[in-house]
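Structural overview for review
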Amino acid sequence: MAEHWMYPPEMTRAQASNDAPSEQPLRVVRRTFLTAVNLSVVGLAVGWFTDDAEAAEAGKPRVSKEEGLEPNVFIHVAATGVVSLVCHRSEMGQGIRSSLPFLFADELGADMAKVRVVQADGDKAYGDQNTDGSSSIRNRYEELRRIAASARTMLIAAAAQRWGVQPKTCSARNNQVTHTPSGRTLSFGELAVAASKLPTPALSEVQLRPDGELQHIGRDLPLLDAKAYVTGTAVFGADVRLEGMLTAAIARPPVVGGQVESFDAQAALAVPGVKLVIEMPVPKKPYRFQPWGGVAVLADNTWSAMRGQKALNVKWTPGENAEYESVAYAERLTEIMRSPAKTLRNVGDVDAALGKAARRIEAEYYVPHLPHAPMEPPVAVARFVGDHCEVWAPTQNPQAARTEAARILGVGEDKVTVHVTFLGGAFGRKSKADFVSEAVFLAHQTKLPVRVQWTREDDVQHDYYNTVSKQQLVAGLDQDGKVIAWRHRTAFPPIASLFGATSEPGAGDLQQGVLDFGIAVPNIRAEAGGAPAHVRIGWLRSVYNIFHAFAENCFIDEIAQASGADMRDLLLSLYGPPRQIKSLEALGVTEMRNYGAPLDQHPVDMARQRRVVERVTELSNWSQRIQDGRALGLAAHRSFSSYVAAVASVVKDERGQVKVDEAWIVIDAGKVMNTDRVRSQMEGSVIFGMTLAFHGAITMKDGMVQQSNFHDLKLLRIGDAPRKIHVDIIESDGPPGGVGEPGLPPVAPAIVNAVFALTGQRVRELPLSRSMAV
């Protein structure tokens, strides 16, 4: 990297170094931050960061410095009776900072009025902290319960030892242990120190409570951070302020792989408040989570930094992706899709069945790149105290951020601490650590605290986009209209391209809605073709399920229309009888990650898939699907081990534009922690899905994103939201499935199918705004 240091005429580089803070910790000044630390919600203390600097430096996180029981990094019971519970996942509105503490507290027997929630820093001691893939509860439900049960076991053992009784005669509830025969009690606080001296039981050996004793699980739970949200005391990334901090705005290459040719540093430095201009490192393939490159302008305030950024007048060398153009690339994907490709699923003999079919139906579908566009653009703050780097960021994956920060600095991860703030939306964008890398790099270069603030334009034009896809589906029908053959070809550049792997999709990609599509058709084949990526490809809420569910559900609606069948009846017929598919062989595949869950424990359950379809069509009065100027559309999908079906009602408004006036969505997610948050996620999925259906698209020309802000990247407005979203949660004793992502995939195809029923116009390309008035 060519290093360009620029200072205002009155400030030398040496003077800048002299202005750097001492090695003493700086006090964080932000919106009534201490209020957030000590926030009380119905007696619940909500704390944000641990204050044990020595433990953080050593990479051994501690819940509390108070004397008491700390059997693991998640739980601390103080001698005062306060129970500190660590939330190791990131809060972005999904309610994990509410659901997780209630799960811990129920299994432990803690009184929620005496619980303190502590937000975990990034550390491998917590296991997986990546808050995406709808995995926070789904992947660790039993393990998290065992973590709490280990503390309960030790408290009971300490009480039994003091009383000279058998532990099995004691129980723990409401922050105390009771000897059932005598009625004697000891509080958790009275037992904490004694319990800490006992051996910690192995998690595999502890006994879990019967489900009936979990008092809060499966109910509407209070949103513990609600008061902080509505009073403005919740600390988001942009709220963090450090003494002596500079704010950086970065001019980044508009084309992936582009580099700086020239820039006008003096023009930027002439802007009042601008202090420094620094050229960023040039990223090398594979891009992963590296800083994007470009030129950073550092100033006393955000406005000055943004003005300085515009004044740079950067000229770019565009690089190898300068010819990337959406229309031409879609044509290239079409060529790939229409040719035989790598077979990843095979049941029976599709070619023979298609050859003898009485009727053949074929359709092609296109979904463009899609952005994340969270309400809070990326932001990160970094500072150095001695040789230790400290970061504050709204990150979904604090461990990845820590790893990337250490890589940038060339140090061990023990030299980096990553604090997690609230996230103002994320949808997968903030599990990438590039914005953290930028802040760390600039803080290291300047020896000053630095906040890197992305603008909305930065966010739109330098995202990790959901991949562009083209799909072809072919079905063969017999003389009775029954589907006897199904071939699905899908073509797209996969996320693996970001990490330098193949440009061809694999089983890990097609597991999302293609390999696990449990239709009862005797002949099935799934093929995948890829092409080189020309932008940074990343995961977006529900990822590949978005376009797979769109194509499959719209195609089934086309089959129904062509054969004179009802969409609901045809869908249930394709699903076949209620059954559980527990083997790869039964699906016709040799590899499928199944969202990281064993197929025998999380099978493809067609009884559950049928049930959500039956329920949503019952709730929406499907028998009157075309009536009084409105029409209903149906779609369903399995993802992240959960099953969802949606029905959308569409009408034409007084301007003749199509809009959704009502929606129904039903989810079977197995055991549910917090029904209030599940409803919220389903409602959010409908709104998110409507944006994708009507407006969502990132288009490219000359290698550059054509959209820049919400004037040309339209999101759903309040006036366009349905008048009512009905949510139904199927009660289930099955293992927990995902919630944050599964609601999204069926929404867009339900809308598109309803549009056809209302207008007769068949749409095979998203967004709808490209082909009709919306």
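The structure under discussion appears in the preceding block.
Presented here is a report on the structure given in the accompanying data block. One numbering rule holds for all chains: residues counted from 1, following each sequence as written. Totals for whole chains, interfaces and linings use all residues, but because this is a predicted model, local features are given only for residues with pLDDT of at least 70 and pairs of side-chain atoms are given and counted only at 80 or more. Here the side-chain values reflect all heavy atoms present in the structure, with hydrogen atoms and water set aside.

**Quick look at the overall build of the chain**
To keep things clear, this is the line we draw: Numbering of helices and strands starts at the N terminus; helices are DSSP runs of H or I of at least 4 residues and strands are runs of E of at least 2. The atom set for the radius of gyration is the C-alpha atoms, and the globule formula is 2.2 Å times the number of residues raised to the power 0.38. A simple rule labels every residue: compare its accessible area, found with a 1.4 Å probe on the protein chains alone, to the largest value its type can have, and call it buried under 20%, exposed over 50%, or partly exposed in between. Contact criterion: two residues are considered in contact whenever any of their non-hydrogen atoms come within 4.5 Å of each other. Using the Shrake-Rupley algorithm and a 1.4 Å probe, accessible areas are obtained, with residue cover drawn only from the displayed protein chains. Positive residues here are Lys and Arg, negative ones are Asp and Glu, while His and the chain termini are left out of the count. Charged groups are reduced to one reference atom each: NZ for lysine, CZ for arginine, CG for aspartic acid, CD for glutamic acid.
A tally of helices and strands in the chain yields 21 helices and 33 strands. At 28 Å, the chain has a C-alpha radius of gyration in line with the 28 Å of a compact globule built from 774 residues. C-alpha extents for the chain along the principal axes are approximately 80 × 80 × 50 Å. Considering the chain as a whole, with its 774 residues, one finds that 61% of them fall into the buried category. A separation of at least 24 residues holds for 77% of the contacts in the chain among residues at least 6 apart in sequence. Surface exposure of the chain reaches about 28600 Å², of which carbon and sulfur atoms provide 49%. Computed over 83 positive and 87 negative side-chain charges, the inter-centroid distance for the chain is 2 Å.

**Things to note about the packing of aromatic side chains**
The condition is simple: Pairing of aromatic rings covers Phe, Tyr and Trp, the last counted by its six-membered ring, and requires centre-to-centre distances within 6.5 Å; plane angles under 30 degrees mean stacked, over 60 mean edge-to-face, and any other angle means tilted. Cation placement over rings: the criterion is NZ of Lys or CZ of Arg within 6 Å of the ring centroid and within 35° of the ring normal.
Counting across every chain of the model gives 16 aromatic pairs. Between Phe427 and Phe688, the aromatic rings sit 4.9 Å apart at their centres with planes inclined by 70°, giving edge-to-face as the arrangement. Of the two residues, Phe427 is situated in the loop between strand S20 (416-420) and helix H13 (434-446) and Phe688 in helix H20 (residues 675-694); the sequence distance between them amounts to 261 residues. In this structure Phe427 comes out as partly exposed when scored by relative accessible area, which is 27%. By way of ring pairs, the aromatic residues Phe289, Tyr464, Phe499 and Trp539 are connected into one cluster. The lysine or arginine in question, Arg429, covers the ring of Trp454, its NZ or CZ lying 5.1 Å from the ring centre. The ring centre of Phe756 lies 3.7 Å from the NZ or CZ of Arg762, which sits over that ring.

**Here's the deal with the environment of Ala149**
Mapped onto the secondary structure, Ala149 falls in helix H5 (residues 141-163). What makes Ala149 buried here is its relative accessible area of 0%. Considering only alpha carbons, one finds Ala149 and Arg717, 568 residues apart in sequence, at a separation of 46 Å. Each residue touching Ala149, except ones within four places of it in the same chain, is listed here: Glu107, Val206, Gln207 and Leu208.

**Observations regarding the sheet that holds strand S27 (residues 626-627)**
The condition that has to hold: Here a strand pair is declared whenever DSSP counts at least two bridges between the two strands. Inter-axis angles, ranging from 0 to 180 degrees, are taken between N-to-C directions of lines fitted to C-alpha atoms, where helices are fitted over the stretch in contact.
Sheet architecture is open: five strands sit in the order S27-S28-S29-S30-S33, paired in mixed fashion. Since the sheet does not close on itself, it has two edges, and those belong to S27 and strand S33 (724-729), each with one partner. Sheet topology note: the strand S29 (residues 642-652)/strand S30 (residues 658-668) ladder contains 10 bridges and is antiparallel. Considered in S30, the bridge of Ala648 is made with Ala663. Of the strands in this sheet, S27, strand S28 (630-639), S29 and S30 touch helix H21 (residues 747-759), which is tilted by about 155° from S28.

**A look at the sheet that holds strand S17 (residues 359-367)**
Picture the strands of a sheet paired through backbone hydrogen bonds; they go either parallel or antiparallel. As summarised here, the arrangement of the five strands in space is S16-S24-S23-S22-S17, forming an open sheet in which the pairing is mixed. Strands with a single pairing partner mark the edges of an open sheet, and in this sheet they are strand S16 (342-347) and S17. Shown here is a sheet whose adjacent strand axes are inclined to one another by a mean of 10°, direction ignored. Relative to strand S23 (residues 483-491), strand S22 (residues 469-477) runs antiparallel, the two sharing eight bridges. Among the inter-strand pairings, Gln471 is bridged to a residue of S23, identified as Thr490. On top of the sheet, helix H16 (residues 545-563) reaches S17, S22 and S23; it is set at about 145° to S17, its chief contact.

**Observations regarding unusual backbone geometry**
Negative phi values dominate among residues other than glycine, just as trans dominates among peptide bonds. Residue Pro286 is reached from Lys285 by a cis peptide bond, and omega for that bond is -10°. If you trace the backbone, Pro286 turns up in the loop between strand S13 (274-279) and strand S14 (295-299). Within the chain, Ala373 stands out as a residue other than glycine whose phi angle is a positive 50°. Structurally, the position occupied by Ala373 is in the loop between S17 and strand S18 (379-385). With relative accessibility at 7%, the residue Ala373 sits in the buried group. Despite not being glycine, Lys447 shows a phi value in the positive range, around 60°. Position of Lys447 among the secondary structure elements: in the loop between H13 and strand S21 (450-453).

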